[in-house]
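Structural overview
Read off the chains here:
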Amino acid sequence: MWTVVYIAPSLARAELLKEILISEGLMVTLRPAGIHRPGNGGAVEILVPELEAEEAHEILASAVTT
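Summary of the structure given here. (Residues numbered from 1 in each chain as written. Predicted model: local features only at pLDDT ≥ 70, side-chain atom pairs only at ≥ 80, totals over all residues. Heavy atoms only, no water.)

1. Looking at the overall build of the protein chain
Along the backbone of the protein chain there are 2 helices and 3 strands. Traced from its N-terminal end to its C-terminal end, the protein chain shows the element sequence β-α-β-β-α. Expected size for 66 residues packed as a compact globule is a radius of gyration near 11 Å; at 11 Å, the protein chain falls within 12% of this value. Expressed along its principal axes, the backbone C-alpha trace of the protein chain runs to roughly 35 × 30 × 15 Å. Split into buried and exposed, the 66 residues of the protein chain put 32% on the buried side. (Helix = DSSP H or I, 4+ residues; strand = E, 2+ residues; numbered from the N terminus. Rg over C-alpha atoms; globule rule 2.2 N^0.38 Å. Buried < 20%, exposed > 50% of the residue type's maximum accessible area, 1.4 Å probe, protein only.)

Rendered as structure tokens:
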């Protein structure tokens with residue numbers, strides 16, 4: 001089962017964080033969150049398999065603060 005680990009404010013930010021997670025060996029998928037807005041596309045959910053959620057949170061915690 002896939003679990004949402006982060007909601008990015010834009011597709012560009014979601015893609016960046018996805019690449020970071022993939023480089024750490026995690027499986028990642030993206031899904032639109034809420035209403036699509038022209039321009040940046042709106043918020044995007046970042047999902048990983050449930051068993052990888054804790055590791056993803058740790059990786060994202062350091063990636064988001066830097």
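2. With respect to helix H2 (residues 53-65)
The terminal C-alpha atoms of H2, which comprises 13 residues, lie 18 Å apart, in line with the 18 Å expected from a rise of 1.5 Å per residue. Contacts made by the buried residues of H2 are with strand S1 (2-8), helix H1 (11-23) and strand S3 (44-49). (Expected span 1.5 Å × (residues − 1). Contact = heavy atoms within 4.5 Å.)

3. Some remarks on the pattern of salt bridges
This structure, assessed with the given rule, holds 1 salt bridge. Of the charged contacts in the structure, one is a salt bridge between Arg31 and Glu45, with a shortest N-O distance of 2.6 Å. Placement of Arg31 in strand S2 (residues 29-32) and of Glu45 in strand S3 is noted, with a sequence separation of 14 residues between them. On the accessibility criterion, Glu45 (15% relative accessible area) is buried. (Salt bridge = Lys/Arg side-chain N within 4 Å of Asp/Glu carboxyl O.)

4. Details of the packing of H1 against H2
At a minimum axis separation of 10 Å, H1 and H2 run at an interaxial angle of 125°. Relative to H2, the element H1 is oriented oblique. Remark: the crossing between H1 and H2 carries right-handed chirality. Contacts from Arg13, Leu17, Ile20 and Leu21 of H1 reach H2 at Ala56, Ile59, Leu60, Ala63 and Val64. Here the residues of the contact of H1 with H2 sort into 8 nonpolar, no polar and 1 charged. (Axes fitted to C-alpha atoms, helices over the stretch in contact; angles between N-to-C directions. Parallel < 35°, antiparallel > 145°, perpendicular 65-115°, else oblique. Left-handed = near helix turned anticlockwise from the far one by under 90°. Nonpolar A, V, L, I, M, F, W, Y, C, P; charged D, E, K, R; others polar.)

5. With respect to the sheet that holds S1
A sheet is described by the order of its strands in space; here 3 strands give the open sequence S1-S3-S2, paired in antiparallel fashion. Where the open sheet ends on each side, the last strands, each with one partner, are S1 and S2. For this sheet, the mean angle separating the axes of adjacent strands, direction not counted, is 35°. In the sheet, S2 pairs with S3 via 4 bridges, with the strands oriented antiparallel. The residue of S3 that forms the bridge with Thr29 is Leu47. (Pairing = 2+ DSSP bridges.)

6. Describing the side chain of Glu45
Engagement of the side chain of Glu45 in a polar contact is seen with the side chain of Arg31, the distance being 2.6 Å. When neighbours within four sequence positions are excluded, Glu45 is seen to be in contact with Val4, Tyr6, Ile7, Thr29, Leu30, Arg31 and Ala33. (Polar contact = N/O pair within 3.5 Å; in protein donor to acceptor, adjacent residues only side chain to side chain.)

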